[in-house]
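A closer look at the structure
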Amino acid sequence: MDPATKTIIRTGRKFEQVLLGARKVFMADGFEGASVDDIAKAAGVSKATLYSYFPDKRLLFMEVVRSECLRQAEDAVELADFDASPQVALRFAGYAMVDIFTSDFSQRIFRVCVAESDRFPELGWEFYQSGPMVGRARLTEYLKQAVARGELKIDDFALAADQFVELCKADLFARMVFGINRDFTKAEKARVVEAAVDMFIARYGVAP
């Protein structure tokens, strides 16, 4: 990670104001198309104020990505019931993940991360750490609890968590990445998530 990220000041009454303005501009114009002038205008602050928080546009973009990914992950976890059965908990997790990675924000950010990966590798790392890795950690935590209760049998928790995530991406993710579809119906999401849960339980479930 670029050491310069440590210079970000995440306090002050206008910090969130700057982030909201930047999110709006980045979503509309992408990373390259977004200008500092437009971001300052959208945030309702001066360029001097913006630079006092973020001395570099890259740092601002990374903070927008980080904060939004964390918000989505925390929202999903907050509603999760870690005492629920694997069938219930995994179904909830599956739908939450699909809703996140098919959201307009996630699709736009994913494309920017891929497009900028050579020139801006730390952006991809920030996205990965703030999004997928947070979800993976929470899912791994649940799987360990389910194993302790005797509901699942898993040796490699990280691999099992990754496998479930990939099962939930079946068909949908490829169609999204290649621009075939940007919106998915509830039925399309259910088809993938329900099958993912069934397959995961078939592999790791403990027979009554």
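Residues numbered from 1 in each chain as written. Predicted model: local features only at pLDDT ≥ 70, side-chain atom pairs only at ≥ 80, totals over all residues. Heavy atoms only, no water.

**Here we look at the domain arrangement of the protein**
Splitting the protein by domain gives domain 1 (1–55) and domain 2 (65–204). Averaged C-alpha coordinates put domain 1 and domain 2 at centres separated by 28 Å. Contact with domain 1, which involves eight residues of that partner, is made by 13 residues of domain 2. Regarding the contact of domain 1 and domain 2, the summed buried area is about 920 Å², with carbon and sulfur atoms giving 60% of it. The interface formed by domain 1 and domain 2 includes zero salt bridges. Run the count over domain 1 and domain 2 and you get one residue pair in polar contact (both at pLDDT 80 or more). (Domains from an automatic or database assignment. Contact = heavy atoms within 4.5 Å. Buried area = accessible area lost by both parts, 1.4 Å probe. Salt bridge = Lys/Arg side-chain N within 4 Å of Asp/Glu carboxyl O. Polar contact = N/O pair within 3.5 Å; in protein donor to acceptor, adjacent residues only side chain to side chain.)

**Focus on the packing of aromatic side chains**
Per the stated rule, a full pass over the model turns up nine aromatic pairs. Taking the centre distance of 5.7 Å and the plane angle of 25° together, the rings of F15 and F54 count as stacked. With F15 in helix α1 (residues 15–33) and F54 in the loop between α3 (47–53) and α4 (57–79), the pair connects residues that are 39 residues apart, well separated along the chain. Under the relative-accessibility criterion, F15 is labelled buried at 6%. Between F26 and F31, the aromatic rings sit 6.3 Å apart at their centres with planes inclined by 20°, giving stacked as the arrangement. Across this residue pair, the class does not change: F26 and F31 are buried. (Phe/Tyr/Trp six-rings, centres within 6.5 Å; stacked < 30°, edge-to-face > 60°. Helix = DSSP H or I, 4+ residues; strand = E, 2+ residues; numbered from the N terminus. Buried < 20%, exposed > 50% of the residue type's maximum accessible area, 1.4 Å probe, protein only.)

**Structural notes on the environment of L159**
Considering the arrangement of structural elements, one finds L159 in helix α9 (residues 157–169). Between the C-alpha atoms of L159 and R136, which are 23 residues apart in sequence, the distance is 9.8 Å.

**Focus on the nonpolar core**
In this structure, F26, I39, L50, F54, L60, F61 and L123 are the most contacted members of the largest nonpolar core, which totals 31 residues. Broken down by secondary-structure element, the contributors of at least two residues to this core are α1, α2 (36–43), α3, α4, α6 (104–115) and α7 (121–130). Broken down by element, this core gets its largest block of residues, eight residues, from α1. Taken domain by domain, the makeup of this core includes at least three residues from each of domain 1 (1–55) and domain 2 (65–204). Sequence-distant contacts of F26, that is, excluding residues within four places in its chain, are made with F31, A34, I39, K57, L60, F61 and V64. (Core = buried A, V, L, I, M, F, W, Y, C linked by side-chain atoms within 4.5 Å.)

**Thoughts on the side chain of Q107**
Within the secondary structure, Q107 is located in helix α6. Residue class for Q107 comes out buried when judged on its relative accessible area of 2%. There is a polar contact of 2.9 Å between the side chain of Q107 and the backbone oxygen of R182. Excluding anything up to four places from it in sequence, Q107 contacts F101, T102, M176, N181 and R182.

**Regarding the environment of E116**
By the element assignment, E116 lies in the loop between α6 and α7. For E116, a relative accessible area of 8% gives the class buried. Counting along the chain gives 84 residues from E116 to E32, while the straight-line C-alpha distance between them is 9.3 Å. In contact with E116, other than residues within four places in its own chain, are F31, E32, P121 and L123.

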